[in-house]
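The lines below spell out each chain.
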Amino acid sequence: MYDIHQHKHSYAVWTASRAWNRRLKGGTLDLARRLIKVAGLEEVREPDDIGADVDAWLLEKMRTIVTFADNNKISGINYGRAQKLVNIYLKTKLICGGSEAHPKVCLLHPPLDGELFKGLRQVFAEQKRSDAAVAFYEAQRACRSWTNFELPDYLAHINAIKLYMGSKPLWMVEEHWR
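As a starting point, this report considers the structure included with it. From a predicted model like this one, the values you see are computed outputs, not experimental measurements.

## Side note on a nonpolar patch on the surface
Thinking step 1. On the surface, a nonpolar cluster with roughly 310 Å² of combined accessible area is contributed by Tyr11, Trp14 and Leu29.
Thinking step 2. Structurally, the position occupied by tyrosine 11 is in helix 1 (residues 4-20).

Structure, rendered in structure tokens:
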């Protein structure tokens, strides 16, 4: 039966598929739908469906996507692509779906991309010596493009954002998305 949960899922798949496939050969809506299913994201209906350790839960979803793609000879799927798919899907379904204040949702990672990095570079230009700025610039020196991220690159950027955001919900960093 088609209900609001299926409706949210369908829309979240579409938004995620539009965001993750930048210059990705074969990055279709069908592939995005398949990877979201493999990762078990469609089972997330509410914040309590997120694992107790939000970071570990998210990384497991991304690892599942990367491993599945590798095992099935689907090229171009790295942690940068996986994070975009997972994070946009959850942003659409939970953050924009009215659960933005839930403690687990506040810990969901923002989708990382060049537009967010551009905004953060402007912020950190004024705070060059802050721990967050130093961490961000070190992460950027290692890898600037989200489409090339492997796990260490992703974690370095997320850790810089966590330093910057402190106790605020991580999704609020998107205020700086340009």
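## Quick notes on the packing of helix 6 (residues 114-125) against helix 8 (residues 151-165)
Thinking step 1. Remark: helix 6 packs on helix 8, axes separated minimally by 13 Å, with the N-to-C direction vectors making an angle of 45°. When the axes of helix 6 and helix 8 are compared, the pair comes out oblique. Of the two possible hands of crossing, helix 6 and helix 8 adopt the one that is left-handed. Counted together, Leu116, Phe117, Leu120, Val123 and Phe124 of helix 6 and His157, Ile161 and Tyr164 of helix 8 form the full contact between these two elements.
Thinking step 2. Grouping the constituent residues of the contact of helix 6 with helix 8 by class yields 7 nonpolar, 1 polar and no charged.

## Some words on the packing of aromatic side chains
Thinking step 1. Here the structure, examined in full by the defined rule, presents 6 aromatic pairs.
Thinking step 2. For the pair phenylalanine 117 and phenylalanine 149, a centre-to-centre distance of 6.1 Å together with 35° between the ring planes defines the contact as tilted. Residue phenylalanine 117 is found in helix 6, and its partner phenylalanine 149 is found in the loop between helix 7 (131-142) and helix 8; the two are separated by 32 residues along the sequence. For the pair shown, phenylalanine 117 and phenylalanine 149 are each scored as buried.
Thinking step 3. Ring geometry for phenylalanine 124 and tyrosine 164: centres 5.3 Å apart, planes at 85°, overall edge-to-face. One end of the pair, phenylalanine 124, is in helix 6; the other, tyrosine 164, is in helix 8, with 40 residues separating them in the sequence.
Thinking step 4. Owing to a relative accessible area of 1%, phenylalanine 124 belongs among the buried residues under this scheme.
Thinking step 5. A relative accessible area of 24% places tyrosine 164 in the partly exposed class.
Thinking step 6. Each member of the aromatic cluster is reached from another via a ring pair, and the members are Phe117, Phe124, Phe136, Tyr137, Phe149 and Tyr164.

## Some points on the pattern of salt bridges
Thinking step 1. Considering all chains together, one arrives at 7 salt bridges under this definition.
Thinking step 2. Where arginine 33 meets aspartate 30, a salt bridge forms, and the shortest distance between an N and an O atom there is 2.8 Å. On the criterion of helical spacing, the pair formed by arginine 33 and aspartate 30 is a turn pair, its members being 3 residues apart in helix 2 (residues 29-38).
Thinking step 3. Note on arginine 33: relative accessible area 38%, which makes it partly exposed.

Calculation criteria
- Residues numbered from 1 in each chain as written.
- Predicted model: local features only at pLDDT ≥ 70, side-chain atom pairs only at ≥ 80, totals over all residues.
- Heavy atoms only, no water.
- Patch = residues over 30% accessible without salt bridge, like charges linked within 9 Å, V, L, I, M, F, W, Y side chains within 5 Å.
- Areas by Shrake-Rupley, 256 points an atom, 1.4 Å probe, with all protein chains shown as cover.
- Salt bridge = Lys/Arg side-chain N within 4 Å of Asp/Glu carboxyl O.
- Helix = DSSP H or I, 4+ residues; strand = E, 2+ residues; numbered from the N terminus.
- Axes fitted to C-alpha atoms, helices over the stretch in contact; angles between N-to-C directions.
- Parallel < 35°, antiparallel > 145°, perpendicular 65-115°, else oblique.
- Left-handed = near helix turned anticlockwise from the far one by under 90°.
- Contact = heavy atoms within 4.5 Å.
- Nonpolar A, V, L, I, M, F, W, Y, C, P; charged D, E, K, R; others polar.
- Phe/Tyr/Trp six-rings, centres within 6.5 Å; stacked < 30°, edge-to-face > 60°.
- Buried < 20%, exposed > 50% of the residue type's maximum accessible area, 1.4 Å probe, protein only.

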